[in-house]
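Working through the structure, step by step
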Amino acid sequence: MPPLPLIGISTYLEATAHWGVWNLPAALLPAGYHRLVQRAGGLAAMLPPDAASGTAAAVVSRLDGLVISGGPDVEPVRYGADPDPRTGPPARERDAWELALIEAALSSGVPLLGICRGMQLLNVSLGGTLVQHLDGHAGPPGVFDWHEVKPAPGTLLSTVLPEPVSVPTFHHQAVDRLADGLVPGAYASDDGTVEAVEMPGAEGFVLGVQWHPEAGDDLRVMRALVAAAGR
């Protein structure tokens, strides 16, 4: 039996987290991410931020696939904008780390999946911009909303999700100007927000989705990444 593909997942880096009797700095990740990778047939490895020069490329070189996970807002300076009052506080160490991971994956052809913030950061990494606030794409704090997305015909995503599908979502930012080299892979049925992006000319699998597959039961997007990583 061939070895299972090793899928790295970027993590949060929090100044303090609580578990048991401890309140300490922590690199953490909602369990849905590693469980989704495992259910899709991969091995999950958490990738906390590392500021050392060249570390991102070294890490990606050992992976079969990479997931850039959801999380805080991308700092607007990364795409040349002033912060909107509704934009969250910056996570500069994480921004720098994940941008380096994306660059390394694109350069080496390692299959890449961006989830929510990860999709937005993929767009920013290639020169795109973001809408800093929109309504209707999140539930109350800490609660996912669900809405329908429609895959764009003829795209990579449409081969994975050939039909409109209801997805779990929690975001207040989205793609504004799409980066050169990326194309929309799906749109929100209700307001036309870009809900997926992909890179047709990439050496390997490159896909970003605005929703959170790890919060649902549909394995198809992660299975597509794991399958590409296995090749």
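The preceding data block contains the structure.
Quick caveat: nothing in here was measured; it's all calculated off a predicted structure.

1. Some words on the overall build of the protein chain
When helices and strands are counted, the protein chain shows six helices and 13 strands. Its C-alpha atoms give the protein chain a radius of gyration of 17 Å, within 12% of the compact-globule value 17 Å for 231 residues. Referenced to the eigenvectors of the C-alpha coordinate spread, the extents of the protein chain come out at roughly 50 × 45 × 35 Å. Burial status across the protein chain gives 48% buried among its 231 residues.

2. Concerning the pairing of strand β1 (residues 6–10)
In terms of burial, β1 is largely enclosed, as four of its five residues are buried. Bridging between β1 and strand β4 (residues 43–47) involves five bridges; their strand directions are parallel. Residue pairing in the sheet places I7 in a bridge with A44 of β4. By the bridge criterion, three bridges tie β1 to strand β5 (residues 65–68) in an arrangement that is parallel. What sits directly across from I9, in β5, is V67.

3. What to know about the sheet that holds strand β9 (residues 165–169)
Strands pair in a sheet through their backbones, by hydrogen bonds, and they do so in one of two ways: parallel or antiparallel. Taking strand neighbours across the sheet as the criterion, the nine strands line up as β4-β1-β5-β6-β13-β12-β11-β8-β9 in an open arrangement whose pairing is mixed. Each of the sheet's edge strands pairs with one partner strand only, and the pair in question is β4 and β9. Neighbour-to-neighbour, the strand axes of the sheet open up by a mean angle of 25°, direction not taken into account. Bridge count for strand β8 (residues 145–151) against β9 is five bridges, and the pairing is antiparallel. By the bridge assignment for β9, D145 is matched with T169.

4. Comments concerning the side chain of D73
Within the element layout of this structure, D73 appears in the loop between β5 and α3 (92–108). Put simply, D73 is tucked away with no salt bridge, and the nearest opposite charge, on R117, sits 7.3 Å away. There is a polar contact of 2.9 Å between the side chain of D73 and the side chain of H172. Ignoring any residue separated from it by four or fewer positions in sequence, one finds D73 in contact with R86, T87, G88, R117, H172 and Q173.

5. What about the layout of surface pockets?
By rolling a water-sized probe across the atoms, one finds the places where empty space is left. One number sums up the size of the largest pocket: a volume of about 500 Å³. Forming the boundary of the largest pocket are 21 residues, of which Y12, G71, C116, F170 and H212 lie nearest the centre. When its residues are assigned to classes, the lining of the largest pocket shows ten nonpolar, eight polar and three charged.

6. As for the nonpolar core
V67, L113, L157, W211, V221 and M222 are the most contacted members of the largest nonpolar core, which has 31 residues in total. Listed by contribution, the elements that provide at least two residues to this core are β1, α1 (31–39), β6 (112–115), α5 (156–160), β9, β13 (206–209) and α6 (220–230). Examining the composition of this core, we find that seven residues originate from one element, α6, more than from any other. The contact partners of L113, leaving out residues within four places of it in the chain, are L66, V67, I68, L207, V209, V221, M222 and L225. In this structure, L99, I102, A105 and V175 belong to the second largest nonpolar core, which totals 28 residues.

7. Side note on the pairing of β6
Neither face of β6 is left uncovered, since the one carrying L112 and G114 and the one carrying L113 and I115 both have all their residues buried. Bridge count for β5 against β6 is three bridges, and the pairing is parallel. Bridged to V67 within β6 is L113. Examined bridge by bridge, β6 and β13 share four bridges and lie parallel to one another. Bridge assignment links G114 to a residue of β13, and that residue is G208.

8. Points about the packing of aromatic side chains
The final tally for this structure, using the stated rule, is one aromatic pair. Summarising the aromatic geometry, the rings of F144 and F170 are spaced 6.3 Å apart at their centres and angled 80° between planes, so their arrangement reads as edge-to-face. Of the two residues, F144 sits in the loop between β7 (130–131) and β8 while F170 sits in the loop between β9 and β10 (174–175), which places them 26 residues apart along the sequence. What makes F170 partly exposed here is its relative accessible area of 32%. The cationic tip of R94 hangs over the ring face of Y12; the distance from NZ or CZ to the ring centre is 4.7 Å.

Calculation notes
- Residues numbered from 1 in each chain as written.
- Predicted model: local features only at pLDDT ≥ 70, side-chain atom pairs only at ≥ 80, totals over all residues.
- Heavy atoms only, no water.
- Helix = DSSP H or I, 4+ residues; strand = E, 2+ residues; numbered from the N terminus.
- Rg over C-alpha atoms; globule rule 2.2 N^0.38 Å.
- Buried < 20%, exposed > 50% of the residue type's maximum accessible area, 1.4 Å probe, protein only.
- Pairing = 2+ DSSP bridges.
- Axes fitted to C-alpha atoms, helices over the stretch in contact; angles between N-to-C directions.
- Lys, Arg positive; Asp, Glu negative; His and termini not counted.
- Salt bridge = Lys/Arg side-chain N within 4 Å of Asp/Glu carboxyl O.
- Polar contact = N/O pair within 3.5 Å; in protein donor to acceptor, adjacent residues only side chain to side chain.
- Contact = heavy atoms within 4.5 Å.
- 1 Å grid on protein atoms, 1.4 Å probe; cavity = no way out; pocket = protein on both sides within 12 Å on 5 of 7 lines; lining within 4 Å.
- Points joined across faces, edges and corners; volume = space filled by probe spheres on them.
- Nonpolar A, V, L, I, M, F, W, Y, C, P; charged D, E, K, R; others polar.
- Core = buried A, V, L, I, M, F, W, Y, C linked by side-chain atoms within 4.5 Å.
- Phe/Tyr/Trp six-rings, centres within 6.5 Å; stacked < 30°, edge-to-face > 60°.
- Lys NZ or Arg CZ within 6 Å of the ring centre and 35° of its normal.

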